[in-house]
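# Close look at the chain arrangement
Next come the chains, spelled out residue by residue.
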Amino acid sequence: MYALSLLGFSSNRFSSKTSMKESSTRRIELYHKQTLGYGCIPVTAFKYQEDILRYLDKTGTLMRLQEATNKYERRLQKDRDQRLPFLFLLELDIVLLSEISALFSTLLLNEPSVAQHIIHYVVHCAASTTGGIPDLQSEDIQVLLRLKSLPPLPGLVKTGPENTSSGLMLLQGILVAQTLPIKYIRSAVFRCPDSLCRSQQGQRVAGNVIQCVPHCSVCGREMKEYCRARDTGDQVLGLLVSPSALENPGSKEFVRHQSTLVCFQDELMVDLELGVRYDVPGLQTNAYFQAWNVQRWVSDTDAKIRHQELPSLLMPPAISALNAYLSHCCPSSPWALVAALAAQMAADMFPTPALLHLKLGLILSLASQGRNHPPVPILAVGADTLAAHHLLRHATLLAQRCVTLSSPSHWGPLHGTAHHDEQGNSWLEAGALLLASTGVCFLGDWAKFKSTNLRSSVLSAIESGQVTVDTQRLASSGPAVTSPKFPLRCSVWTYRYWTPGEKGVEQVQLRTLIDVFGMPYLADTGTEADRVSHSMLQAAIGLGNNTTKPYYAVPVHELQQYGSIRSSCPAGHETRGKL
């Protein structure tokens, strides 16, 4: 009852669970006594194992393990000769585990391989005791560890391949490429070819340690694999690049970002999506970063909204003061704040009334990002394409992410590409429309897209709300592969020159664009042309910053913060002074 006294559970309330823990604890203690002697029990190791038992019991994992063991026993009765593996998925909550044992949590973070061996041994003892399978071999049990979450502490966050720590890390990055599902060996059984050898029953070897054919430990002969007992799974290799590579549109510094190769196995590969930012807790190996879980990244604003802390999300100070002023001056106007904020765009280049119609469309497009439906695209038409270019380029600084196409020939297919690598793996690479997810894909002047295929691919993505990565190149060297489809999660911005005197063919082409993009936004300075020219000249000679700022001037970073909050808020939510 030594383990039970440390666990501190009531025998009346947890009678069945207590018996399971007591048997497992006694088995662990007996193992150490037989191995190291009755007077030499490693206290630290035994304490680790006892804490793991407490965690498994508190989370209900012991009961789940018993059910899984019973199912495994019934499978063995049908085909005992096949040496079936016992797979058990164990999810670890690092926060709850630290409350039970801060010492073992530290071991798990710093020496995850050692912690894995301890957890594997405890699970083996518990399964052997509770399942009634006394001859269950340790190598037949495969514990698939999954980390529920990992706090984004500075010492644990990894955004590139430069950090080679041996402990657990939290990799944060954007998935820019991935392979199609490929098979991998979880484990295999090897047997001695000599029928009289005591090792003829064979042993199961984990797939990650199979470097060469093992030799029999009894007679020394080269063992042969028992193919019927091979256990395989599915995995996907992915490339994650640092979020700062795409989510810092205002930076003018050239920084080379190197991607990190990540391995997603079994259920972790199911919902992967190109262009999405992920948090991946895991372990760095010699070949790749081994994922222990994968979760979509959630911003601080989204996290507060999901935890129903919406009343605590106040407007930024300058916008809050502007909202109070407008509420007093024009309380009956629901568009006063939106129009005032739209006027802030590129205020150092354009007078506030100039291009207001286009500015309002940009505000709408930015607010539509990050939702469950495709964001609002922008088609600016008019004679002042230079002004439209500068305004749209400036507005991309307010987006969470931005991908700008300087030349279509430099980017290739906007949807993405597919190819084979040297090992024969089939890779899917994200194009501009996927890399700009949750942000803006700025195409620039629509006239530079001369290729009909390129134009139709963009229009079909906007119209269907899906991005299809063409896999026809893979069929030339293998079986045909269905082209995967991903949701379109970015706003597509472009502009086009237009005057009322255009030819009939050009008018038809413009109508096609309007049918796909929706309402066009007018890019025409009109009577403000002289003021726009004067404002741009003032900015060019450095006098634009000396002008008196109007009462409604809002800093760019507050506009960014406001756009992030608005895109995270539920549709139709509106309060005064708070979001």
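Counting of residues starts from 1 at the beginning of each chain's written sequence and follows it residue by residue. Local features are withheld for residues below a pLDDT of 70 in this predicted model, meaning they are given only at 70 or higher, and side-chain atom pairs are given and counted only at 80 or more; totals for whole chains, interfaces and linings count all residues. The basis for the side-chain values is all heavy atoms of the structure; hydrogens and waters are excluded.

### Let's talk about the overall build of the protein chain
Secondary structure summary: the protein chain contains 19 helices and 20 strands in total. The proportion of buried residues among the 579 residues of the protein chain is 46%. What makes two residues a contact is simply this: any of their non-hydrogen atoms within 4.5 Å. Summarising the internal contacts of the protein chain: among those between residues at least 6 apart in sequence, 69% fall at separations of at least 24. Methods summary: accessible areas were calculated by the Shrake-Rupley approach with a probe of 1.4 Å, and residue burial reflects only the protein chains presented. Roughly 29300 Å² of accessible area belongs to the protein chain as shown, and the carbon and sulfur atoms make up 53% of that amount. Only DSSP runs of H or I covering at least 4 residues are called helices, and only runs of E covering at least 2 are called strands; the numbering of each starts at the N terminus. Accessibility here uses a 1.4 Å probe with only protein chains present; expressed as a share of the type maximum, an area under 20% marks a residue as buried, one over 50% as exposed, and anything in between as partly exposed.

### Here we look at the packing of helix α4 (residues 61-78) against helix α7 (residues 112-130)
The convention used is that axes are lines fitted to C-alpha atoms, helices contributing only their stretch in contact, and that angles between N-to-C directions extend from 0 to 180 degrees. Direction vectors running N to C along α4 and α7 enclose 60°, while the axes themselves pass 9 Å from each other. In this view, α4 runs oblique relative to α7, as classed from their interaxial angle. As for how α4 packs across α7, the hand of that crossing is right-handed. The segment α4 lies against α7, with L62, L65, Q66 and T69 engaging V123, A126, A127 and T130. Roughly parallel means an angle under 35 degrees; roughly antiparallel, over 145; roughly perpendicular, 65 to 115; everything else is oblique. Whether a crossing is left-handed or right-handed is set by the direction in which the near helix is turned from the far one by less than a right angle, anticlockwise for left-handed and clockwise for right-handed.

### A word on the pattern of salt bridges
By definition here, a salt bridge exists when the distance from a side-chain nitrogen of Lys or Arg to a carboxyl oxygen of Asp or Glu is within 4 Å. Within the structure shown, the criterion is met by 11 salt bridges. For D140, the salt bridge is made with R204, and the minimal N-O distance between the two is 3.6 Å. Within this pair, whereas D140 is found in the loop between α7 and β2 (141-147), its partner R204 is found in strand β6 (residues 203-206), the two being separated by 64 residues in sequence. For D140, a relative accessible area of 5% corresponds to the buried category.

### What about the nonpolar core?
Among the nonpolar cores identified, the biggest contains 59 residues, and F264, V280, L414, L433 and L443 are the most heavily contacted of them. Here this core gets six residues from one element, more than from any other, and that element is strand β4 (residues 168-179). Other than its neighbours up to four places away in sequence, V280 contacts M169, L170, L171, L240, V262, F264, F289, A291, N293 and V294. Among the nonpolar cores identified, the runner-up in size contains 40 residues, and Y48, L84, L107 and L150 belong to it. In this text, buried Ala, Val, Leu, Ile, Met, Phe, Trp, Tyr and Cys residues form a nonpolar core when linked through side-chain atoms within 4.5 Å.

### Overview of unusual backbone geometry
A positive phi is found at L355, a non-glycine position, where the angle reads about 55°. Looking at where L355 falls in the secondary structure, it is placed in the loop between α10 (336-342) and α11 (356-367). Even without a glycine there, the phi angle at T438 is positive, about 65°. One can find T438 in the loop between α14 (432-435) and β16 (440-445).

### A look at the pairing of β2
Burial analysis of β2 places seven of its seven residues in the buried class, which makes it a mostly covered element. Side-chain alternation along β2 places I141, V143, L145 and L147 on one buried face and Q142, L144 and R146 on a second face that is also buried. In this analysis, strands are considered paired if DSSP registers two or more bridges between them. With seven bridges joining them, strand β1 (residues 86-92) and β2 adopt parallel strand pairing. Bridge assignment links F88 to a residue of β2, and that residue is V143.

### Let's talk about the packing of helix α6 (residues 102-110) against α7
Direction vectors running N to C along α6 and α7 enclose 125°, while the axes themselves pass 5 Å from each other. The angle between α6 and α7 places the two elements in the oblique class. Each of F104, L107, L108, L109 and N110 in α6 lies in contact with α7, whose residues at this interface are P112, V114, A115, I118 and I119. Basically, the charged four are Asp, Glu, Lys and Arg, the nonpolar ten are Ala, Val, Leu, Ile, Met, Phe, Trp, Tyr, Cys and Pro, and anything else, Gly included, counts as polar. Counted by class, the contact of α6 with α7 contains nine nonpolar, one polar and no charged residues.

### Overview of the sheet that holds β16
In a beta sheet, neighbouring strands pair by backbone hydrogen bonds and run either parallel or antiparallel. Taken together, five strands build an open sheet; the order of strands is β13-β16-β19-β12-β20 and the sheet is parallel. Two strands bound the open sheet, and with one partner strand each, they are β13 (402-404) and β20 (521-522). Here two bridges tie strand β12 (residues 378-382) to β20, and the two strands are oriented parallel to one another. Bridge pairing in β20 places V381 opposite L522. Packing of helix α12 (residues 385-395) onto the sheet brings it into contact with β12, β13, β16 and β19 (491-497), and relative to β19 it is tilted by some 165°. Along the sheet face, helix α17 (residues 504-517) touches β12 and β19 and points at about 160° away from the line of β19.

### So, the confidence of the model for the protein chain
What pLDDT conveys is the predictor's confidence in a given residue, as a value from 0 to 100. Residue-level pLDDT values for the protein chain average 78, and 78% of them are 70 or greater. No element of the protein chain has a lower mean pLDDT than helix α1 (residues 2-7), which averages 30, and none a higher one than strand β8 (residues 260-265), which averages 93. Here residues 30-41 is a poorly scored stretch, pLDDT under 50, and it has 13 contacts once near neighbours within four places are set aside; other chains count. Here residues 572-579 scores under 50 on pLDDT; set against residues more than four positions off or in separate chains, the count is 20 contacts.

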